[in-house]
Amino acid sequence: NAVLAVCLPLRTIMDSNLPVSQITDDPFAAIRIPEFRNLMLGRFTFITALRMMSTLVAWWVYELTGDPLAIGIVGLSEVIPALSMALYAGHIIDKTEKKKMVLTGVSCYFIIAAILLLFSSSFISNNFNNHTITIGIYVVIFFTGIIRAFTGPVFSSIVAYTVPRQYLQNATTWTQGTWLSASVNGHATGGLLIWLLGISGTLIIVCSLLILAVILLTRIKRKYPDAATKETKTWESMKEGLRFVYKTKEILAAFSLDMFAVFFGGAVAMVPVFAKDILKIGPQGFGWLNAAIDIGAILIIIILTIFPMKKAQGKKLMIAIAGFGICIILFALSGWFVLSFAALMVAGMLDGVSVVVRGTVMQLKTPDHMRGRVSSVGSMFINSSNELGQFESGVAAKLLGVVPSVIFGGGMTLIVVIIAWFKAPTLRKFEY
């Protein structure tokens with residue numbers, strides 16, 4: 001029933017087409033704008049640091065516990081506050097100056113990284129057992145969920161304030177490319193640095209990158225909210241964001257299909273287990289395997305930047321998600337590092353198609369005064385698919401075993417797409 005509920009709004013997804021004037025054919029249109037470049041540089045540095053930190057935490061927790069469920073609890077620790085705070089965060093973002101919020105969020109992540117650095121010290125390891133340290137990490141990650149509820153959507157909403165509307169599709173592609181490039185860099189170098197410098201040394205690098213991100217982001221201009229948004233009452237403002245997403249079927253459908261696909265196909269959560277116990281490739285190989293999906297995604301982002309999709313986006317979206325599920329199953333069955341890496345990389349390329357379609361629809365369909373709230377609602381879907389998917393993967397691995405749980409996830413992704421294909425035939429004709 002849940003899957004059918006997702007499929008129903010997909011039937012209405014082609015009700016409105018975007019005028020051609022809203023799209024530019026210049027692949028470098030947005031990046032030519034100096035302020036947008038500064039935003040992308042700051043975001044690249046910030047996301048690199050976060051991906052290094054998430055890679056480190058997953059490896060660290062599994063080393064402390066030896067339990068795949070412990071990795072799932074990391075995701076649950078972050079998603080509970082992120083989901084709880086999402087609607088309120090959207091209201092605050094829309095009524096607050098954006099640059100200040102961006103700098104505050106990045107600074108708070110620096111504090112989190114500094115606390116984790118303290119936890120990794122010899123003093124803590126000599127005076128507390130592994131179980132206590134793990135609990136402490138969960139508590140710290142809980143607070144990152146609160147920070148993420150504000151920081152993620154404000155980065156998304158600020159993009160439209162830096163480029164003309166006709167450049168939004170191009171800016172969205174560059175934004176996703178920047179995020180994915182940073183994610184690849186963070187995952188790969190995170191594993192390498194764990195191998196070379198250990199937990200504490202890697203966290204020192206993370207703290208340094210976050211300081212650099214703050215410096216870079218001070219170069220963007222202030223982005224003040226719409227006067228009408230300031231006057232809206234908190235509860236009404238939060239409900240307005242939900243109503244807008246529900247009524248805008250293009251956004252709702254893109255969010256929903258992506259949420260279910262990634263929720264069940266979250267094999268990345270189990271990568272530390274595959275790296276350590278199945279493929280036996282150590283932290284350096286773990287970093288590369290963890291980056292494989294992002295490497296694939298950035299390859300497709302480069303292709304889509306130069307050759308943007310101009311028709312049949314809905315059909316391509318559904319085929320891509322089905323291919324993603326198949327790649328996850330192949331990854332689960334592989335016992336060879338090269339094949340595992342290739343399966344995840346292709347999965348990333350297919351997931352990148354979904355990311356671009358979802359991001360473009362959201363940017364083009366959302367009015368400026370509601371970008372924070374819509375981005376926050378979007379973060380609820382994304383958090384549900386990523387962090388809850390991570391928890392689901394941990395529980396499934398505990399109950400079924402690691403390999404069967406990943407095969408199950410890939411299979412469920414295929415089932416979601418098959419149901420959507422037959423129950424929402426108009427999705428195959430969806431274009432923007």
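Residues numbered from 1 in each chain as written. Predicted model: local features only at pLDDT ≥ 70, side-chain atom pairs only at ≥ 80, totals over all residues. Heavy atoms only, no water.

1. Examining the overall build of the chain
Then comes step 1: Across its full length, the chain holds 16 helices and 0 strands.
Then comes step 2: For the chain, the residues scored as buried account for 58% of the 432 residues in total.
Then comes step 3: Residue pairs in contact within the chain that sit at least 24 positions apart in sequence constitute 89% of those at least 6 positions apart.
Then comes step 4: Summed over all atoms, the accessible surface of the chain reaches about 17,100 Å², with 68% contributed by carbon and sulfur. (Helix = DSSP H or I, 4+ residues; strand = E, 2+ residues; numbered from the N terminus. Buried < 20%, exposed > 50% of the residue type's maximum accessible area, 1.4 Å probe, protein only. Contact = heavy atoms within 4.5 Å. Areas by Shrake-Rupley, 256 points an atom, 1.4 Å probe, with all protein chains shown as cover.)

2. What about the pattern of salt bridges?
Then comes step 1: Tallying each qualifying case throughout the model produces 2 salt bridges.
Then comes step 2: Among the ionic pairs, R148 bridges to E78, the shortest N-O distance being 3.3 Å. Separated by 70 residues along the polypeptide, R148 in helix α6 (residues 130-158) and E78 in helix α3 (residues 68-95) bring together distant segments of the chain.
Then comes step 3: Residues E97 and R222 are paired through a salt bridge, measuring 3.3 Å at the closest nitrogen-oxygen approach. Of this pair, E97 sits in the loop between α3 and α4 (98-119) while R222 sits in the loop between α7 (168-217) and α8 (227-231), and the two are 125 residues apart along the sequence.
Then comes step 4: A relative accessible area of 8% means that E97 is categorised as buried.
Then comes step 5: When its relative accessible area of 52% is taken as the criterion, R222 is described as exposed. (Salt bridge = Lys/Arg side-chain N within 4 Å of Asp/Glu carboxyl O.)

3. What about a nonpolar patch on the surface?
Then comes step 1: On the surface, F110, I111, I115, I211, L212 and I215 cluster together into a nonpolar patch covering about 500 Å² of accessible area.
Then comes step 2: Elements that contribute at least two residues to the nonpolar patch include exactly α4 and α7.
Then comes step 3: Examined against the element boundaries, I115 turns out to sit in helix α4. (Patch = residues over 30% accessible without salt bridge, like charges linked within 9 Å, V, L, I, M, F, W, Y side chains within 5 Å.)

4. Quick look at helix α11 (residues 271-278)
Then comes step 1: For α11, every residue scored as buried is listed here: V271, P272, V273, F274 and A275.
Then comes step 2: Among the residues trailing α11, K280 stands out with phi positive, at a value near 55°.

5. Focus on the packing of aromatic side chains
Then comes step 1: Inspection of the entire model under this criterion finds 6 aromatic pairs.
Then comes step 2: Centre to centre, the rings of F142 and F143 are 5.8 Å apart; their planes meet at 85°, and the pair counts as edge-to-face.
Then comes step 3: Judged by centre distance (4.6 Å) and plane angle (40°), the ring pair of F274 and F331 falls under tilted. Of the two residues, F274 is situated in helix α11 and F331 in helix α13 (residues 313-333); the sequence distance between them amounts to 57 residues.
Then comes step 4: Look at F274 and you get buried, because its relative accessible area is 0%. (Phe/Tyr/Trp six-rings, centres within 6.5 Å; stacked < 30°, edge-to-face > 60°.)

6. Description of unusual backbone geometry
A negative phi angle is the norm for most residues apart from glycine, just as the trans form is the norm for most peptide bonds.
Then comes step 1: In this structure, K280 takes a positive phi of about 55° despite not being glycine.
Then comes step 2: Note that K280 resides in the loop between α11 and α12 (282-306).

7. Some thoughts on the side chain of S405
Then comes step 1: With respect to the element layout, S405 can be found in helix α16 (residues 402-423).
Then comes step 2: Ignoring sequence-local partners within four residues, the contact set of S405 consists of S393, A396, A397 and L400.

8. Digging into the nonpolar core
Then comes step 1: Counting 88 residues, the largest nonpolar core has F46, M53, V57, W60, L116, I137 and M270 as its most contacted members.
Then comes step 2: The biggest single contributor to this core is helix α2 (residues 34-65), with 16 residues.
Then comes step 3: With residues up to four places along the chain from it excluded, the contact list for F46 reads V106, Y109, T151, F155, L210 and A213. (Core = buried A, V, L, I, M, F, W, Y, C linked by side-chain atoms within 4.5 Å.)

9. Remarks on the packing of α2 against α6
Then comes step 1: Two elements in contact, α2 and α6, have axes whose closest approach is 12 Å; the angle formed by their N-to-C orientations is 160°. In terms of axis orientation, α2 runs roughly antiparallel to α6. Note that α2 runs across α6; the crossing there is left-handed. Touching L39, R43, F46, V57, W60, V61, L64 and T65 of α2 are N130, I133, T134, I137, Y138, I141, T151, F155 and I158, all from α6.
Then comes step 2: Of the residues assigned to the contact of α2 with α6, the class counts are 12 nonpolar, 4 polar and 1 charged. (Axes fitted to C-alpha atoms, helices over the stretch in contact; angles between N-to-C directions. Parallel < 35°, antiparallel > 145°, perpendicular 65-115°, else oblique. Left-handed = near helix turned anticlockwise from the far one by under 90°. Nonpolar A, V, L, I, M, F, W, Y, C, P; charged D, E, K, R; others polar.)

10. Brief notes about the packing of α2 against α7
Then comes step 1: Their axes nearest at 5 Å, the elements α2 and α7 cross at an angle of 40°. With respect to each other, α2 and α7 are oriented oblique.

11. Observations regarding the confidence of the model for the chain
Then comes step 1: Averaged over every residue, the pLDDT of the chain is 79; the share at 70 or more is 82%.
Then comes step 2: Per-element confidence in the chain ranges from a low mean pLDDT of 36 for helix α1 (residues 2-10) to a high of 94 for α4.
Then comes step 3: In the model, residues 1-22 has pLDDT below 50 throughout and makes 46 contacts with residues more than four positions away in sequence or in other chains. (pLDDT = per-residue confidence, 0-100.)

12. Overview of the environment of S354
Then comes step 1: Summarising the element assignment, S354 is placed in helix α14 (residues 337-365).
Then comes step 2: Take S354: its relative accessible area is 3%, and that puts it in the buried class.
Then comes step 3: Residues S354 and I321, spaced 33 residues apart in sequence, show a C-alpha to C-alpha distance of 7.3 Å.

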